[in-house]
Amino acid sequence: ARPRLTLMTWNVLARPYTKYNRQHHRANGKVEDPTQTMSRYTMAGEEILNRGCDLVFLQECEAEFVDPAWNIAAGRLLQEYDLFRCPQGLLDGPGTALLV
């Protein structure tokens, strides 16, 4: 059998962008509560790890997605994958990223 390359995409929905979904997250502020973000980021990280794809394209990804303070699965993600962010700077705001 020929080797297969597996890939997936995931729209992380960076926390700053949750202001556009305010009617759905029902938090008191414009953006979702920190605990909601932590839950979503951890769930996404665990699902990415469970699927074990070779390439993972992340959309609307902020630096906090790979920060253990915001994502319990972040440490394992960074052990399993190399992270390439675009924009490159941690303070550049949400953008796209690639896990290889």
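Please refer to the structure higher up on the page.
Given the structure is predicted, the values throughout are model-derived calculations rather than measurements. (Residues numbered from 1 in each chain as written. Predicted model: local features only at pLDDT ≥ 70, side-chain atom pairs only at ≥ 80, totals over all residues. Heavy atoms only, no water.)

Asks: Which residues make up the nonpolar core, and what values go with them?
Replies: Counting 19 residues, the largest nonpolar core has Ile48, Val56, Leu58 and Phe65 as its most contacted members. Breaking this core down by element, the ones donating at least two residues are strand E1 (7-11), helix H2 (34-51), strand E2 (55-61) and strand E4 (95-99). Per-element tally for this core: the top contributor is H2, with four residues. Look past the residues within four positions of Ile48 in its chain and what remains in contact with it is Met8, Trp10, Val56, Leu58, Phe65, Leu77, Tyr81 and Leu99. (Core = buried A, V, L, I, M, F, W, Y, C linked by side-chain atoms within 4.5 Å. Buried < 20%, exposed > 50% of the residue type's maximum accessible area, 1.4 Å probe, protein only. Helix = DSSP H or I, 4+ residues; strand = E, 2+ residues; numbered from the N terminus. Contact = heavy atoms within 4.5 Å.)

Asks: Run through the side chain of Glu62, naming residues and quoting values.
Replies: Summarising the element assignment, Glu62 is placed in the loop between E2 and helix H3 (74-80). The side chain of Glu62 sits in the buried core without any salt bridge; Arg40 is the nearest counter-charge, 6.4 Å away. A distance of 2.5 Å separates polar atoms of two side chains, one belonging to Glu62 and the other to Tyr41. Those residues in contact with Glu62 that lie beyond four places of it in its chain are Ala14, Arg15, Pro16, Tyr41, Arg85 and Pro94. (Lys, Arg positive; Asp, Glu negative; His and termini not counted. Salt bridge = Lys/Arg side-chain N within 4 Å of Asp/Glu carboxyl O. Polar contact = N/O pair within 3.5 Å; in protein donor to acceptor, adjacent residues only side chain to side chain.)

Asks: Describe the pairing of E4, listing the residues and the values that go with them.
Replies: Note that E2 and E4 share four bridges and pair antiparallel. In the strand pairing of E4, Cys61 is matched with Gly95. Pairing of strand E3 (residues 83-86) with E4, which is carried by four bridges, proceeds in the antiparallel orientation. Of the residues in E4, the one forming a bridge with Phe84 is Leu98. (Pairing = 2+ DSSP bridges.)

Asks: Please give an account of the sheet that holds E3 that cites residues and values.
Replies: Taken in spatial order, the four strands of this open sheet run E1-E2-E4-E3, and their pairing is mixed. The open sheet has two edge strands with one neighbour each: E1 and E3. Averaged over all adjacent pairs, the angle separating strand axes in this sheet is 15 degrees, with direction ignored. In this fold H2 packs onto E1, E2 and E4, with an angle of close to 175 degrees to the strand it touches most, E1. (Axes fitted to C-alpha atoms, helices over the stretch in contact; angles between N-to-C directions.)

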